[in-house]
Amino acid sequence: MKILIVEDEFALADALRDRLMQEKYEVDIANDGTTGYDMCMTGAYDIIIMDGMLPGKDGIEIIYEMRKAGVTTPVLMLTARSDLMDKLKGLDAGADDYMTKPFEVEELLARLRALIRRNYGKEENVLTVGNLKLDRKNASLVNTGDNQTISLAGKEFKILEYFMDNPGQALTREQISERIWGHDDNVEYNNVEVYVSFIRRKLKFLKANVKIRAVRGVGYRLDVEETAS
Ligand code: CA
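Right, let's walk through the structure included here. Owing to the predicted nature of the structure, the values given are computational and were not obtained by experimental measurement. (Residues numbered from 1 in each chain as written. Predicted model: local features only at pLDDT ≥ 70, side-chain atom pairs only at ≥ 80, totals over all residues. Heavy atoms only, no water.)

**Concerning the coordination of the calcium ion**
Move 1: At the metal site, the calcium ion is ligated by Asp8 (OD), Asp51 (OD) and Met53 (O), and these contacts range over 2.0 to 2.3 Å.
Move 2: Residue classification places Asp8 among the partly exposed positions, given a relative accessible area of 26%.
Move 3: The class of Asp51 is buried, set by a relative accessible area of 4%. (Donors = N, O, S within 2.8 Å, 3.2 Å for Na, K, Ca; no water. Buried < 20%, exposed > 50% of the residue type's maximum accessible area, 1.4 Å probe, protein only.)

In structure tokens, the structure reads:
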């Protein structure tokens, strides 16, 4: 797995590289947007970690131009704290995930593993969040406390799988819609709402201690409850 870090803060870039190399990733660094752009366009990397604000060319611009040119390398974008517009612009431009600075390196490693699983098929067959276990092979959802089991229909399964791959992370309606329906312009966002309501009913039926919460102005987030309900 070869990772490119495009980051103009030298200390952060070096610390990330050292940690990633401990995890046996190969790592290259670009310290400005112009160099980063050239390296990204080679398509030679398996994953790109992209800072937002960069000298030369900013991260969003690089991602946008990469995608326009057909370079599909998954991108994890780093954005300044609480800059929601940057996150949304980054996702619109074609970033696959984002993290807000400052972040925990261990969380970044977990996000990278999820990106790798999603893009390179090294998927675990079973996803576990809270008291829920989702079996990807037969689309069954189990309460691990009482072993109550239900099966999920195609899109319900895909949407819940997306949430369980990204627990605690707000997913925009656009992200969900894009992932499940692709670029089909006939899909309206309220399809997402409809499926979320189906899934919520099933979670309730299973007495899951996991809930899909609405995040105002953004979308939804899968959270583990403090106390089971
Ligand atoms: Ca920067």
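**Let's talk about the side chain of Lys101**
Move 1: Relative to the helices and strands, Lys101 resides in the loop between β5 (97-100) and α5 (105-120).
Move 2: A polar atom in the side chain of Lys101 sits 3.0 Å from the side chain of Glu7.
Move 3: Side chain to side chain, Lys101 and Glu9 meet in a polar contact 3.1 Å long. (Helix = DSSP H or I, 4+ residues; strand = E, 2+ residues; numbered from the N terminus. Polar contact = N/O pair within 3.5 Å; in protein donor to acceptor, adjacent residues only side chain to side chain.)

**Regarding the pairing of strand β8 (residues 140-143)**
Move 1: On β8, burial covers both faces: Ser140 and Val142 on one face and Leu141 and Asn143 on the other are all buried.
Move 2: In the sheet, strand β7 (residues 132-135) pairs with β8 via four bridges, with the strands oriented antiparallel. Bridge pairing links Leu134 to Leu141 in β8.
Move 3: Between the end of β7 and the start of β8, which pair antiparallel, lie four residues, with Ala139 showing a positive phi angle near 55°.
Move 4: Pairing of β8 with strand β9 (residues 149-151), which is carried by three bridges, proceeds in the antiparallel orientation. Its bridge partner being in β9, Ser140 is matched across the sheet by Ser151.
Move 5: In this antiparallel pair of consecutive strands, β8 and β9, the connection spans five residues, and Asn147 shows a positive phi of 65°. (Pairing = 2+ DSSP bridges.)

**What to know about the packing of helix α6 (residues 154-165) against helix α8 (residues 190-205)**
Move 1: At their nearest, the axes of α6 and α8 sit 10 Å apart, and the two run at 80° to each other. With respect to their mutual orientation, α6 and α8 come out roughly perpendicular. Listed contacts from α8 to Lys155, Glu156, Ile159, Leu160 and Phe163 of α6 are Tyr195, Val196, Phe198, Ile199 and Lys202.
Move 2: Along the lines of polarity and charge, the residues of the contact of α6 with α8 split into seven nonpolar, no polar and three charged. (Axes fitted to C-alpha atoms, helices over the stretch in contact; angles between N-to-C directions. Parallel < 35°, antiparallel > 145°, perpendicular 65-115°, else oblique. Contact = heavy atoms within 4.5 Å. Nonpolar A, V, L, I, M, F, W, Y, C, P; charged D, E, K, R; others polar.)

**Side note on the pattern of salt bridges**
Move 1: Enumeration over the complete set of coordinates arrives at 21 salt bridges.
Move 2: For Glu7, the salt bridge is made with Lys101, and the minimal N-O distance between the two is 3.0 Å. Here Glu7, found in the loop between β1 (2-6) and α1 (10-22), pairs with Lys101, found in the loop between β5 and α5; they are 94 residues apart in sequence, far enough to count as distant.
Move 3: You can call Glu7 buried: its relative accessible area is 0%.
Move 4: With a relative accessible area of 16%, Lys101 lands in the buried category.
Move 5: The salt bridge involving Arg19 is made with Glu106; its shortest N-O contact spans 3.0 Å. (Salt bridge = Lys/Arg side-chain N within 4 Å of Asp/Glu carboxyl O.)

**Some points on the sheet that holds strand β12 (residues 219-224)**
Move 1: Ordered in space as β10-β12-β11, the three strands form an open sheet in which the pairing is antiparallel. On the outer flanks of this sheet lie β10 (171-172) and β11 (210-215), each paired with one strand and no other.
Move 2: By the bridge criterion, two bridges tie β10 to β12 in an arrangement that is antiparallel. By the bridge assignment for β12, Leu171 is matched with Tyr220.
Move 3: Each of β11 and β12 touches α8; the most contacted strand, β11, lies at about 150° to it.

**Examining the sheet that holds strand β4 (residues 75-79)**
Move 1: The strand order across the open sheet built from five strands is β2-β1-β3-β4-β5, with neighbouring strands paired in parallel fashion. A strand with exactly one partner marks an edge of an open sheet, and here the two such strands are β2 (26-30) and β5. With strand direction ignored, the average angle separating the axes of adjacent strands in the sheet is 20°.
Move 2: Taken together, the four bridges between β4 and β5 define a ladder with parallel strand orientation. Looking at β5, one finds that Leu78 is bridged to Met99.

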